Amino acid sequence: MYTTEFLDLPPLRAAAGTVRLPGSKSISNRVLLLAGLSAGTTRIHDLLDSDDTRVMLDALRELGCAIESEGGVLNVTGLGGSLRKRQARLFLGNAGTAMRPLTAALAVLAAMQGGEFELSGVPRMHERPIGDLVDALRQLGCGVDYLGQDGYPPLRVRDGALRLGGPIRVRGDVSSQFLTALLLALPLASELGAIDIEVEGELISKPYIEITLNLLARFGIAVGREGWSRFTIPRGSSYRTPGDIHVEADASSASYFVALGAIAAAGAPVRIEGVGADSIQGDIRFVEAAEAMGAQVARGANWLEIRRGAWPLKAIDLDCNHIPDAAMTLAVMALYAEGGTTLRNIASWRVKETDRIAAMAAELRKLGATVEEGTDFIRIEPPAQWRPAAIRTYDDHRIAMCFSLAAFNPLAPTGSDTGVPLRILDPKCVGKTFPDYFETLFSVARTRTEDIPVLTIDGPTASGKGTLADVVADALGYHLLDSGAIYRATALSAMRAGVAPDDEAGLAQLAAVLPLAFEPGHRILLDGEEVTEQLRREDVGALASRISVFPRVREALRERQLAFRQLPGLVADGRDMGTVIFPQAELKVFLTASAATRAERRHRQLISRGLSSNMDDLRRELEARDARDQSRSTAPLKPAEDALLLDNSALTIEASMHEVLKWWEQRRPFR
Ligand code: DC
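Description of the structure in this document. Being a predicted model, the structure only gives us computed values, none of them experimental.

Criteria and cut-off values
- Residues numbered from 1 in each chain as written.
- Predicted model: local features only at pLDDT ≥ 70, side-chain atom pairs only at ≥ 80, totals over all residues.
- Heavy atoms only, no water.
- Helix = DSSP H or I, 4+ residues; strand = E, 2+ residues; numbered from the N terminus.
- Buried < 20%, exposed > 50% of the residue type's maximum accessible area, 1.4 Å probe, protein only.
- Contact = heavy atoms within 4.5 Å.
- Pairing = 2+ DSSP bridges.
- Axes fitted to C-alpha atoms, helices over the stretch in contact; angles between N-to-C directions.
- Near = heavy atom within 4 Å.
- Polar contact = N/O pair within 3.5 Å; in protein donor to acceptor, adjacent residues only side chain to side chain.
- Areas by Shrake-Rupley, 256 points an atom, 1.4 Å probe, with all protein chains shown as cover.
- Nonpolar A, V, L, I, M, F, W, Y, C, P; charged D, E, K, R; others polar.
- Parallel < 35°, antiparallel > 145°, perpendicular 65-115°, else oblique.
- Left-handed = near helix turned anticlockwise from the far one by under 90°.
- Salt bridge = Lys/Arg side-chain N within 4 Å of Asp/Glu carboxyl O.
- Core = buried A, V, L, I, M, F, W, Y, C linked by side-chain atoms within 4.5 Å.

1. Considering the overall build of the protein
In step 1: Helix and strand counts for the protein come out as 21 helices and 35 strands.
In step 2: Overall, the C-alpha framework of the protein stretches about 95 × 60 × 45 Å when taken along its three principal axes.
In step 3: In the protein, buried positions account for 57% of the 671 residues.
In step 4: At a minimum sequence separation of 6, the contacts of the protein that also span at least 24 residues come to 76%.

Spelled out as structure tokens, the structure:
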């Protein structure tokens, strides 16, 4: 997951390949609650691991459910209808799929068995309505109090006296989650008799109710219904675990990759595994909307393959009530269509993670689109000219994910061949449902190598360039090339293989096939063995310095270094990064520090590794190495002509990083 302040996407040009998507949020949180209410253990396969499921799991744990993960399977042992704890405070983040059903279930349990539970969330959760659900629960005799503003969380549920009079009435036109919450929770009260629920107003997002009914059936509860207005929970219903249950991949998450195929898979398709024609999720019908816009789709029970069909895409005018979440993806596809696209009947967008109609309109306009918004519709005309934009994401995962598709603007009928880059602010908001969204996107997206941004940090030995490159790469979410490590690994490999330090041909041969791997957490493997520490040895560094003078060795390592230039970008550190390997880099920094400062830093480094050294000797050695590096005929150490010099003798790492990021920002088009 990218936890950076922003993530810059260069213009992207094509997509192909296979993705496996994380489990459905809607199914995951319903299954968790049902497992938590059942007696016995439910083995849940492919559960989504995200912010919204984490708060649900924490709540169940707090309530006394036993939860263990075993391989990729989560075992949940439920309460079996009786409270283990009479008091708890539950924090539910911004997860509507946890807040609403837990409120209902705990209100019923507290009314029947006694207890007091507080449910709260992030500030936005406290602006999302829950009054219709509370009204319904009060009809049943549940005790529910508002702890903040009437009609909104936080809430307290407490003792009450359940009574079954007539049918329970609930509004269906604000959020279908109120009805879902009642359907999931009221079987708890069904020992009193059959329970009727009557929906007032036109029920929105019906497909989500279908998921609820489907999963209730899997847990042994057969809800009767008349159309979409009356539902009956039979007397004496009780939750029975199905034992094993598989969570299908999230159909809303699939929408980004369906759109990706429609926009950018002009050759081989984008293939999605884990969700397909047999899905019980309503958002699977996004596929039909994408087809209407021109996507070419092949499908199986649990897979989809998407290619570009019509191009440019066809503008549509669509009632999106059945696919409220995935419809946001259509709004971004509209940027690639001929003419204006209208998405209707989407009033529920205004009460989601953010006011999605306002947010989508504001951000689409930044790209150059002409947007008209109403209380329950949005109309989008593609940009006449695309503009680079920093997209605000409003702590809304779907905004971050759907806007990433705007990076394919070089393909747009109104786009320019050079394309414009895009900035996604606060990319970590995708953690709500799809923590690895951007990594998954990059695994199938293609661009021209020269479009992938590179920032180089060159400089003499012990100038601190490695540390600086590391923190800059972290701040930008870019890959890191530590070219020194590659030379050091070649040296270590030569020592082990007994290749002489002056055998240029032998060393070059070794360098060309070096079985080197860079693993997460800065671990470096040589032929499968971790050598991270060994590479830092003084004798290895000294040999690296000697063998790096050979042109054939340098040539043999060139391709390997170029290969680090991957999406979304690269920070490359080493003495010739800006001069030889990436002469076209957007920003080149030449980092220096006085010989005295560098000697002192090296001295401290050695002490921290338990090695003794003499500062004057170190300084003399450094000066000698500088002289050799500067005077050698191949790739001598010198600043690139267009490099910016940074003397960090008196700067902290933080301060140096801020200086480099400031320079970087000046070269980006997002001001
Ligand atoms: O940066 P370092 O100390 O890890 O590098 C080890 C040696 O490798 C250094 O003395 C010179 C050589 N090197 C090089 O010639 N070109 C690079 N891009 C990186 C390192």
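2. Here we look at the sheet that holds strand β10 (residues 155-158)
In step 1: Pairing is mixed in the open sheet, where four strands are placed in the order β7-β8-β10-β9. Both edges of this open sheet fall to β7 (87-91) and β9 (143-146), since each of them pairs with a single strand only. Going from strand to strand, the sheet's axes swing by 15° on average, the running direction of each strand aside.
In step 2: Packing against the sheet, helix α4 (residues 131-139) makes contact with β9 and β10, and its axis sits at approximately 150° to β9.

3. Describing unusual backbone geometry
In step 1: The omega torsion across tryptophan 311 and proline 312 is 0°, close enough to zero to call that bond cis.
In step 2: Here proline 312 is to be found in the loop between β18 (303-307) and β19 (313-314).
In step 3: Of the consecutive residues leucine 567 and proline 568, the connecting peptide bond is found in the cis state with omega at 0°.
In step 4: Mapping proline 568 onto the fold places it in the loop between α17 (551-562) and β33 (570-573).
In step 5: Even without a glycine there, the phi angle at serine 205 is positive, about 50°.
In step 6: Positionally, serine 205 belongs in the loop between β12 (195-200) and α6 (206-218).

4. Some words on the site of the ligand
In step 1: Ser483, Arg488, Arg554, Asp576 and Arg625 are the nearest of the 15 residues found near the ligand.
In step 2: With respect to the ligand, the side chain of arginine 625 contributes an N or O atom lying 2.9 Å from an oxygen atom.
In step 3: In isolation the ligand exposes 440 Å². Once the protein is present, 94% of that is buried.
In step 4: For the shell around the ligand, the elements supplying multiple residues, two or more each, are α14 (483-497) and α16 (538-547).
In step 5: Of all the elements, α14 adds the most residues to the shell around the ligand, at four residues.
In step 6: Partitioned by chemical class, the residues of the shell around the ligand number three nonpolar, five polar and seven charged.

5. Let's talk about the sheet that holds β33
One key point about sheets: their strands pair by backbone hydrogen bonds, in either a parallel or an antiparallel sense.
In step 1: Reading across from one edge, β29-β33-β28-β34-β35 is the order of the five strands in this open sheet, with parallel pairing throughout. If you trace the sheet from one side to the other, it starts and ends with β29 (479-482) and β35 (644-647), each paired once. Pairwise comparison of adjacent strand axes, ignoring direction, gives a mean angle of 20° for this sheet.
In step 2: Contacting β28 (454-458), β34 (587-592) and β35, helix α21 (residues 653-667) crosses the sheet at an angle of about 165° to β35.

6. Description of the packing of helix α1 (residues 25-37) against helix α3 (residues 96-113)
In step 1: It is the contact of α1 with α3, at a shortest axis distance of 10 Å, that shows an interaxial angle of 20°. Taken as axis vectors, α1 and α3 run roughly parallel relative to one another. Both α1 and α3 take part in a crossing whose hand is right-handed. Where α1 abuts α3, its residues Lys25, Asn29, Leu33 and Leu37 lie against Thr97, Ala98, Pro101, Leu102, Ala105 and Leu109.
In step 2: The residue inventory of the contact of α1 with α3, partitioned by class, reads seven nonpolar, two polar and one charged.

7. Some details on the environment of aspartate 426
In step 1: Within the element layout of this structure, aspartate 426 appears in the loop between β26 (422-425) and α12 (437-444).
In step 2: Between the alpha carbons of aspartate 426 and aspartate 395 there is a distance of 7.6 Å; along the sequence they are 31 residues apart.
In step 3: Setting aside residues no more than four positions away along its own chain, aspartate 426 makes contact with Thr4, Glu5, Phe6, Thr393 and Asp395.
In step 4: At 2.7 Å, the side chain of aspartate 426 forms a polar contact with the side chain of lysine 428.

8. Thoughts on the pattern of salt bridges
In step 1: Following the criterion strictly, the structure yields 54 salt bridges and no others.
In step 2: Between arginine 344 and aspartate 317 there is a salt bridge, with the nearest N and O atoms lying 2.7 Å from each other. One end of the pair, arginine 344, is in strand β22 (residues 341-344); the other, aspartate 317, is in strand β20 (residues 317-319), and 27 residues separate them in sequence.
In step 3: A salt bridge links aspartate 642 to lysine 588, with the shortest nitrogen-to-oxygen separation between them at 3.1 Å. Here lysine 588 lies in strand β34 and aspartate 642 lies in the loop between α20 (615-631) and β35, a separation of 54 residues in the sequence.
In step 4: Among the residues examined, aspartate 642 registers a relative accessible area of 44% and is labelled partly exposed.
In step 5: What emerges from the salt-bridge pattern is a single network uniting Lys25, Asp52, Asp325, Lys352, Glu353, Arg356, Asp396, Arg398 and Lys432.

9. What about the side chain of threonine 342?
In step 1: For threonine 342, the location among the structural elements is in strand β22.
In step 2: Of the polar contacts made by the side chain of threonine 342, one reaches the side chain of arginine 379; its length is 3.0 Å.
In step 3: When sequence neighbours within four positions are dropped, the list of residues in contact with threonine 342 reads Ile316, Asp317, Leu318, Phe377, Ile378 and Arg379.

10. Looking at the pairing of strand β24 (residues 377-381)
In step 1: In β24, alternate side chains face the same way, and those of Ile378 and Ile380 are buried while those of Phe377, Arg379 and Glu381 on the opposite face are not.
In step 2: Note: β22 against β24, four bridges, orientation antiparallel. Paired with threonine 342 across the strands is arginine 379, a residue of β24.

11. Quick notes on the nonpolar core
In step 1: Ranked by internal contacts, the top residues of the largest apolar core, which has 89 residues, are Phe257, Leu330 and Met360.
In step 2: Here the element with the most residues in this core is helix α7 (residues 251-264); it accounts for 10 residues.
In step 3: For leucine 330, the contacting residues outside a window of four places in its chain are Phe286, Ala289, Ala290, Met293, Ile316, Leu318, Cys320, Ile323 and Leu343.

12. Regarding the side chain of serine 483
In step 1: Counting through the fold element by element, serine 483 comes out in helix α14.
In step 2: In this structure serine 483 touches Gln561, Asp573, Gly574 and Met577, once residues within four positions along its chain are discounted.

13. Quick look at α16
In step 1: Restricting attention to buried positions, one finds in α16 the residues Val540, Gly541, Leu543, Ala544, Ser545 and Ile547.
In step 2: Looking at the buried side of α16, the elements it contacts are α14, α15 (504-512), α17 and α20.

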